[in-house]
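Chain residues, written in single-letter form:
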Amino acid sequence: MTKTEVLRKLADQLDLTQSETEELYDSFAEGLTTLLANNRGFTLPGLGSFHSEVRPEHKSYNPHYEQMMMIPPKKVVHFSQSSTIKEEINEGSDE
Amino acid sequence: MSNKVTYNEIIEALSRTTGFSKNKGEAFAKALIAEIKDELQKNGKASITNFGSFKVKDVAERQGQNPQTGEPITIPAHKRVTFTPYKALREEVNKKYAHLESELIGEKKEKAAPVIQEKAEAVQRETPDVEPEKVVEEEPKSFHRKERVRGNNTGLIMVAVLVLVIVTLASAWFLTRTNDTEQTAVSEPVQTEQQAMTSDQPEADESANDLDNRADELIEEEERLRQEEEERLVRLEDAREDQQPEQTPVAQNISDYQVQQDEWYWVISRKVYGKSEFWPLIFQQNFSKDRHPDSLETRTNLEVPALMGSAENLTKEDYKNLSSASALVSLAYKNFGRDDKAEDYARFAKKWERLSQ
């Protein structure tokens, strides 16, 4: 499903124009990005929680050079699924 | 969790930046989340543009441990939601560290081919190799490594000797040659004087020919000596390589292990080797006694083969053994109808085999 399709659907549900929905959508995504960039975690209820953390410098094998390499520290986003979505998804597979 | 932001705060911020009411903002967020969940249920994937995408992944059944009691349990196959951040989000989050790059740190894993190349190069260009060698010497990581450094040093000495031999030969050749020409230069006038008395012009020609022949012989000898030297080098290297497996005495030492309650191969492997992924070795050793890879009777005696190297530093033989053991496990699983596990272990076998080369 593309962004336009989502926007059309949400606009219908919320009684908003598509451009208004797009404004909300974009600032929502932007807000979440800023939060993660500033080291703030958050939870989207029913979906899961996000937080960012620094992956420390470590050694790793690079198969291309066939050698060990020092991988520099990196800040990455972590996601952990909420228990509700976990249950919902696994219920579906049993049926 | 002081740095966590609550859902309400997000909604507030959203309505502040967009100018919509809090109700609208919340309704939007709710609808969006519901939409994503819906998508995930239906298609197994969903995304928020410029933020990230969600995907439902299958997790295969695996063996785990009860964290409280340490008792092994089987975690059944299930699904989970994974999140992959979009590039924009990744870069925004990683801004602070974006300038850093990974760098090579010496060669730690030994590969057969590069080593041989190095030696060949060392023969060709003698001096430039000294520098990297020093670097290696500063950080001798293991016994094996030291061995190789010493090997390279003897190689260097050999090269030095070779160069010396060539230089002395060349100078000797030059000396004899200049001597000879001087001699002929001296003898020629004498001969011209003698020409009148005895017509021995052919002799002069002969001596000139002799000179040429001797020069050729010398060159040939030099060539021969060099070849011999090179052969000796090659032989020495061969011998050294032959010796290496012997130096680490063939560690097919087999110890016995008595299986205790609720233990599986991988539990034993972790106890014995420190790593559970080596369990195919034990299974292979005891293949005749016990055929199902997932069941073990309490109180059976198992033969546990020792590793050639250490758990952190496996030798090529270890990898080879692991490869064949994994292939065996794969076969055993297939016999018992566990095709999924058979595939896994066939893949492991390939991986080990790649490492053994």
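Residues numbered from 1 in each chain as written. Chains lettered and ligands numbered in written order. Predicted model: local features only at pLDDT ≥ 70, side-chain atom pairs only at ≥ 80, totals over all residues.

**Describing the environment of Asp340 of chain B**
All names here are of chain B.
Move 1: On the secondary structure map, Asp340 appears in helix α11 (residues 339-356).
Move 2: Owing to 11 C-beta atoms within 10 Å, Asp340 belongs among the exposed residues under this scheme.
Move 3: Sequence separation of Asp340 and Ala60 is 280 residues, and the distance between their C-alpha atoms is 9.0 Å. (Helix = DSSP H or I, 4+ residues; strand = E, 2+ residues; numbered from the N terminus. Buried ≥ 20, exposed ≤ 12 C-beta atoms within 10 Å, placed from the backbone.)

**A short note on the nonpolar core**
Move 1: One finds Phe28 and Leu36 of chain A together with Leu40 of chain B to be the most contacted residues of the largest nonpolar core, which totals 33 residues.
Move 2: The set of elements that each furnish at least two residues to this core consists of α1 (3-14), α2 (18-37) and α3 (83-94) of chain A together with α1 (7-18), α2 (22-43), β2 (45-48), β3 (52-59) and α3 (87-93) of chain B.
Move 3: Contacts of Leu36 of chain A, omitting those with residues within four sequence positions, involve Phe50, Ser52 and Val77 of chain A together with Leu89 and Val93 of chain B.
Move 4: One finds Phe283, Leu296, Leu302 and Ala349 of chain B within the second-largest nonpolar core, a separate group that totals 19 residues. (Core = buried A, V, L, I, M, F, W, Y, C linked by C-beta atoms within 7 Å. Contact = placed C-beta atoms within 7 Å.)

**Section: the pairing of strand β8 (residues 254-258) of chain B**
Residues and elements named next belong to chain B.
Move 1: In terms of residue burial, β8 counts as a barely covered element, since only zero of its five residues are buried.
Move 2: Pairing of β8 with strand β9 (residues 301-305), which is carried by five bridges, proceeds in the antiparallel orientation. Across the sheet, residue Ser255 finds its bridge partner in β9, namely Val304. (Pairing = 2+ DSSP bridges.)

**Some words on the sheet that holds strand β7 (residues 103-104) of chain B**
Move 1: Taken together, three strands build an open sheet; the order of strands is β3(A)-β4(A)-β7(B) and the sheet is antiparallel. What marks the edges here is a single partner per strand, and that holds for β3 (58-62) of chain A together with β7 of chain B.
Move 2: Examined bridge by bridge, strand β4 (residues 67-71) of chain A and β7 of chain B share two bridges and lie antiparallel to one another. Looking at the pairing, Met69 of chain A lines up with Leu104 of chain B of β7 of chain B.

**Details of the interface of chain B and chain A**
The parts lose accessible area when they come together, and the size of an interface is often stated as this lost area.
Move 1: At the junction of the two partners, chain B supplies 52 residues and chain A supplies 53 residues.
Move 2: Breaking the side of chain B that touches chain A down by element, the ones donating at least two residues are β1 (4-5), α1, α2, β6 (78-85), α3 and β7 of chain B.
Move 3: Broken down by element, the side of chain B that touches chain A gets its largest block of residues, 13 residues, from α2 of chain B.
Move 4: Taken together, the residues that form the side of chain B that touches chain A break down as 27 nonpolar, nine polar and 16 charged. (Nonpolar A, V, L, I, M, F, W, Y, C, P; charged D, E, K, R; others polar.)

**Here's the deal with unusual backbone geometry**
Of all residues except glycine, most have a negative phi; of all peptide bonds, most are trans.
Residues and elements named next belong to chain A.
Move 1: Its identity as a non-glycine residue notwithstanding, Asn39 has a phi of 70°, on the positive side.
Move 2: Position of Asn39 relative to the elements: it lies in the loop between α2 and β1 (41-44).
Move 3: Overall, Asn39 belongs to the partly exposed group, with 13 C-beta atoms counted inside 10 Å.
Move 4: Phi at Glu66 is positive, roughly 55°, even though this residue is not glycine.
Move 5: Following the sequence through the fold, Glu66 ends up in the loop between β3 and β4.
Move 6: Assessed through the 13 C-beta atoms surrounding it within 10 Å, Glu66 is described here as partly exposed.

**Remarks on the confidence of the model for chain B**
Residue and element names in this part refer to chain B.
Move 1: With 68% of its residues at a pLDDT of 70 or more, chain B has an overall mean of 72.
Move 2: Residue range residues 126-151 is modelled with pLDDT below 50. Its contacts to residues more than four positions away, or to other chains, number 17 contacts.
Move 3: Contacts of residues 244-251 to residues separated by more than four positions or lying in other chains number five contacts, the stretch itself having pLDDT below 50.
Move 4: Across the assembled chains, the prediction reports ipTM 0.89 with pTM 0.44. (pLDDT = per-residue confidence, 0-100.)

**Quick notes on the sheet that holds β1 of chain B**
Move 1: What the four strands build is an open sheet, ordered β5(A)-β2(A)-β1(A)-β1(B); its pairing is mixed. The open sheet has two free edges, formed respectively by β5 (74-81) of chain A together with β1 of chain B, since each of these has just one partner strand.
Move 2: For strand β2 (residues 48-55) of chain A and β5 of chain A, the ladder comprises eight bridges, and the chain directions are antiparallel. What sits directly across from Phe50 of chain A, in β5 of chain A, is Phe79 of chain A.

**Comments concerning the pairing of β3 of chain A**
All names here are of chain A.
Move 1: Judged by how many residues are buried, β3 sits mostly at the surface: zero of five residues are covered.
Move 2: Relative to β4, β3 is paired through five bridges, and the arrangement is antiparallel. Considered in β4, the bridge of His58 is made with Ile71.
Move 3: Between β3 and β4, which pair antiparallel one after the other, the connecting turn spans four residues, and Glu66 there sits at a positive phi close to 55°.

**Observations concerning helix α8 (residues 265-273) of chain B**
In an α-helix, one turn spans 3.6 residues; hence positions three or four apart end up facing the same way.
Residue and element names in this part refer to chain B.
Move 1: Buried within α8 we find Tyr265, Trp266, Ile268, Ser269 and Val272. Taken down its axis, α8 places every buried residue within 155° of arc, on the same side.
Move 2: In this structure, the buried side of α8 is in contact with β4 (62-65), β8, α9 (279-285) and β9. (Arc of directions from axis to C-beta.)

**With respect to the confidence of the model for chain A**
Move 1: Residues with a pLDDT of 70 or more make up 96% of chain A, whose mean pLDDT is 89.
Move 2: Per-element confidence in chain A is highest for β5 of chain A, whose mean pLDDT is 94, and lowest for α3 of chain A, whose mean pLDDT is 80.

**Re α2 of chain B**
Residue and element names in this part refer to chain B.
Move 1: For α2, built from 22 residues, the straight-helix expectation of 32 Å at 1.5 Å per residue is met to within 8% by its first-to-last C-alpha distance of 31 Å.
Move 2: Regarding α2, the residues found buried are Gly25, Phe28, Leu32, Ile36, Lys37 and Leu40. For α2, the arc enclosing every buried residue in end-on projection is 160°, short of the 170-degree limit, so these residues lie on one face. Opposite the buried face of α2, by more than 90 degrees, sit the exposed residues Asn23 and Lys42.
Move 3: Downstream of α2 by one or two residues, Gly44 has phi in the positive range, about 80°. (Expected span 1.5 Å × (residues − 1).)

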